[in-house]
Structure formats: structure tokens, C-alpha cells
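Letter by letter, the chains look like this.
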Amino acid sequence: MYASSYSGTVFGIDGMVVTVETDIANGLPQFDLVGLGGSAVKEARDRVRAALRNAGFDYPMQRITVNLAPADQRKEGSGFDLAIAFGILLASKQIPPRSERVLILGELALDGSLRPVTGVLPILLEAKAAGFSHVILPAQNAAEARLVDLLVLPASSVKEAVLYWTNGLVPHNEEELSAVNLPRSQKQSNTADFADVYGQHFVKRGLEIAAAGFHNVLLVGPPGSGKTLLATCLPGIMPQMTTEESYEVTKIYSIAGHLTRAGGLIEERPFRSPHHTITATALIGGGPQIPRPGECSLSHGGILFLDEMPEFSRHVLEVLRQPIEAGIVTIGRAKQVFTFPARFLLIGSCNPCPCGFFATRDQQACSCTPQQIHKYRSKLSGPLLDRIDLHLEVPRVPVNLLHKRIAEESSEIIRGRVEQARNIQWQRYRYRTSCPFNSVMNGDELRRYARLDKEGQEMLQLAFETLGLSARAYDRIVKVARTIADLEGADTIAAEHVAEAIRYRALDRALTF
């Protein structure tokens, strides 16, 4: 007897609907699962058998063949368990067929209960586009599933899932029905506030520009100067994400399994801070068969903070060059190429030398040899620094400011200015589908929106010749100047905007790496 059910899996950042075909024939008891399933998929045989028996259903003692179509696409994960169980129940005529297109997701425990799965949002978005109207899935995934316009039927066990099927695919009570398709936002923990950062007005101004134009930043200063605190304050002034950005970020976190059980749509920009021992694969993404997003993609639309950048492996830092420039991560495999979004704001911090006191205004003398300083600085290559728009020197805070502890300008006030500049860019780049920020201007947009007057050109030419800037650094200074003009509400870029942008290239001057 033949039957089919529908499930889904994740392929890159997108979902894929999978047809679970089940055939039960006479012969010696045997279970064959075909269709390029990974190890977790192949182990579904034992989970399904035990779950059906412990839930009170009959497990056919015949030859069972299950095919996951399309058979030429590799599939990973344990989310096919419930669909396979339904296929067996349909083929053995223990439950009747239905005319509705129903997607079935869920991992089975041996006692018949359901466990949550990852990647629900992209799978259901693909299912909605394919014409599905219902979804049966674990109750822990219900909040995420309700972000998609489908009738969500949350179940805690295979018996409850079958009850939905036999009772006409309707919720058990009115409370479940009224909760369908009501998105819930995931709020992150409260971030630090710039009101608690004393002094550092030059650095705060640079971070405000970075947030307004989505410019990468490197903070350079001695230990204890507040580099980490300043970086953790940055999310508080970032502009609000659009609905499209929220869905894209939520898809990535769903695939990575980082969504909370009670939360739905992510509305706050991510802030990721990996340890310096991270590998290149964990940073960029990857995996043996079907790659998974790494920290770069988990930072998409938000901030990737690398504290003490020279402590990271040189190879790990160099793999950042492509996503910084292109805003995507491309991972190749033998038969497929996977692309993950990775448009993030990079915030790095470092000391001027291993001990941290070279060329600083502190009374403490630097104890590093020239060889140690050169080795430390060489961790950050010229091509990588060229891709960082703002180089900010962070001095130590004077002790008198710490004694007074007078509240500074709050993040809420700064965010208001950032939002105004962001709205200007939104109107300017309204033809873009994503990332309407100055930092990603192409050559044509630079000619249209970032033309300099004669005085500004002369000033930038002098800086170009004096500092030995590359063409990429030249363009990045112009982009920063465009953002400074937007913060002031100016239509044209003036010489003072260019002068301020040049000030934020500290590493092109005395502290060249």
C-alpha cells in the first residue's frame, strides 16, 4: 500500500518542501529509507518504530520503504520523523487520507512525544508559497510557526497530531485558534547606555557616525580605556530594523536553532561577540554536507564585535574580507554552492602594542620590543584595515570625570539623530531591496550622491598623498563624509565633513599597522 505525506528541511537559508513517500509491501520485516538522508534522517527508523508502538499504534511487520523526494538533494535533521510516522499510518490504513495540503514537522521521542526542530520559519515560508494551508508541528515551535499565514496545529505527541488529522484539522479550542498568526517579538537583554560612559566624546561621535551609515569601526587604545563598554553601547543607538530585515534575521536564527521557545520575530539588531579562539568555519559558516550559518551570518543586520582583534588567528581575520566587501558568505561544496547573507557592522578593538601602552599619553612606559610590536600589529593586514571605515583612538578617561560621574548624553538622544540620518538614506536608496546605508554605495552612487566641492577635493587629495591611502580607503572616507553630512541634514558634502572623516583614519597616520 502506498501513501505520501509532506515535510520540509532547510537548504542554505531557504526552506525546501520534501515529499515523504511510503510503501508497505509483503515480505520479511524491513525498513528502507532512501533519498539522500543524513545520519539523523537514517536513524529515524528506530525512533519511528518505538514511538508508534509506545503511542498505541500498530507497527506493520512488513517491508517498509520510505523515499524522501526530491531524491537528488541531500537532507539533514530529525524533523522528518513525524511525517514518516504519518506515512506509515496512512499506508497501513490506520488513519484516513485527507484532501488538504498539510505540512508535518517534528522529531519523535521514543515514548511518542514530540521534540522541537530548527528552521521552521524558512520551511513554512516555502510551504506557504507552495500552496500549503495547514502545518502540524511540535508545540515548542508554535510561536515561530505563527509568523507565517498558515493554520498552525501544535501537538505535544504523535497521538495529539493524529487527533488533529482525524478531527478535521481544526484547533482543539478557541484559544489556539485566536493565537494563530500573531507574531511575538524577541527582545534582547538591555544594552549599556552611552549616558554611563564618561568623556570619550570623540569616540562617541565616531560610533554615532558608524551607526548612522553602517560603517565598520576599529577602536585602538590602552587597557581599561573603555573599548568594550563603548562597543556594547552601540546596539542602543542602531536604527530600527525593517520588517524585511527582521524576517531575514529570524530565518537565520531559526536555521541555527537560536530562537527562544516563546519568541517569534526578532526586532532588535543582533550583537555577536565570539571568543578569539573561534575557527574560520565557525565564523564564516560551514559543515560537512549542508553548511550552517556562522557568526558572520548570525550578525547579519547587526553588529559583529571582535574584542582584541590581534588575538584572533590571522587566517580567521582574513576570511572576513569577502563578507565585509560583498555582504554575503559563499560556501562551495562538490555539487552545490550555498550563499548566506552577512551584511554586518564590524566593531574591532585592539591595543597599540602587546602591553597596551605604546604611543599613549599614560605615564606608564611601553615594555614591548620593536619586534613584538611589529608582530602584534601585523595580525591586522592592510587589506583588512582598508575595509574598516573608522579608526578611533580611545584614550583613558581622566580620573576627575570618574569622580564627578555626571550623566552624559543618553543613547536614546543619539539614536534620534541616527534615525533621522537613516531616514535620509532610506529615501535616497529607496530603490534598494536591502541595506539602505551609505557604507555600501557603489561607484555610480558615489558619483550621484557624494560629489565633493573643489575645497573638499583638494583636502582629500592632500590626505591621499600624505597618508598613502589606497583607492578603497579614499572611497570609504567619502562615504563617511556623506554620512556626516546626513547627520547634519546637509544636501552636499562640505570641506568640514571631509576633514572630520579624515580624522577617523588614525591607523593611516602614526599608528600604521
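For the structure given in this document, a descriptive report is provided here. (Residues numbered from 1 in each chain as written. Predicted model: local features only at pLDDT ≥ 70, side-chain atom pairs only at ≥ 80, totals over all residues. Heavy atoms only, no water.)

**A word on the packing of aromatic side chains**
As enumerated under the stated definition, the model contains eight aromatic pairs in all. The ring of Phe-132 has Arg-101 sitting right over it, with the charged end atom 4.2 Å from the ring centre. The residue whose ring lies beneath Arg-428 is Tyr-449, and the NZ or CZ to ring-centre distance is 5.9 Å. (Phe/Tyr/Trp six-rings, centres within 6.5 Å; stacked < 30°, edge-to-face > 60°. Lys NZ or Arg CZ within 6 Å of the ring centre and 35° of its normal.)

**Here we look at the side chain of Ser-7**
Its location among the elements puts Ser-7 in strand E1 (residues 2-11). Residue Ser-7 is classed as buried on the basis of its relative accessible area of 0%. Side-chain polar atoms of Ser-7 contact the backbone oxygen of Ile-104, separated by 3.0 Å. Ignoring sequence-local partners within four residues, the contact set of Ser-7 consists of Met-16, Val-17, Val-18, Val-20, Gly-79, Phe-80, Ala-83, Leu-103, Ile-104 and Leu-105. (Helix = DSSP H or I, 4+ residues; strand = E, 2+ residues; numbered from the N terminus. Buried < 20%, exposed > 50% of the residue type's maximum accessible area, 1.4 Å probe, protein only. Polar contact = N/O pair within 3.5 Å; in protein donor to acceptor, adjacent residues only side chain to side chain. Contact = heavy atoms within 4.5 Å.)

**A few points about the pattern of salt bridges**
Applying the stated rule across the entire model yields 29 salt bridges. In this structure, the salt-bridge partner of Arg-47 is Glu-43, at a minimum N-O distance of 3.9 Å. With relative accessibility at 13%, the residue Arg-47 sits in the buried group. For Glu-43, a relative accessible area of 46% gives the class partly exposed. (Salt bridge = Lys/Arg side-chain N within 4 Å of Asp/Glu carboxyl O.)

**Observations concerning the pairing of strand E11 (residues 217-220)**
Alternating positions in E11 separate into two faces, Val-217 and Leu-219 on one and Leu-218 and Val-220 on the other, with burial throughout. As paired strands, E11 and strand E19 (residues 345-350) are joined by four bridges and run parallel to one another. Within the sheet, the bridge partner assigned to Leu-218 lies in E19 and is Gly-348. (Pairing = 2+ DSSP bridges.)

**Re helix H3 (residues 81-91)**
Along H3, 11 of the 11 residues are buried, which leaves the element largely enclosed by surrounding structure. One or two positions beyond H3, positive phi appears at Lys-93, with a value near 60°.

**Looking at the sheet that holds strand E20 (residues 390-393)**
An order of E13-E16-E19-E11-E20 is seen for the five strands of this open sheet, with the pairing classed as parallel. The open sheet has two edge strands with one neighbour each: strand E13 (271-272) and E20. Sheet topology places E11 next to E20; four bridges connect them, and they run parallel. Bridge pairing in E20 links Val-220 to Glu-393.

**Things to note about the side chain of Glu-445**
Among the secondary structure elements, Glu-445 is positioned in helix H19 (residues 443-449). We classify Glu-445 as buried; its relative accessible area is 3%. Among all residues touching Glu-445, those that are not within four sequence positions of it are Tyr-429, Tyr-431, Arg-432, Val-440 and Ala-450.

**Observations regarding the environment of Ser-367**
In this fold, Ser-367 is placed in the loop between E19 and helix H15 (370-377). Contacts of Ser-367, omitting those with residues within four sequence positions, involve Cys-355 and Gln-372.

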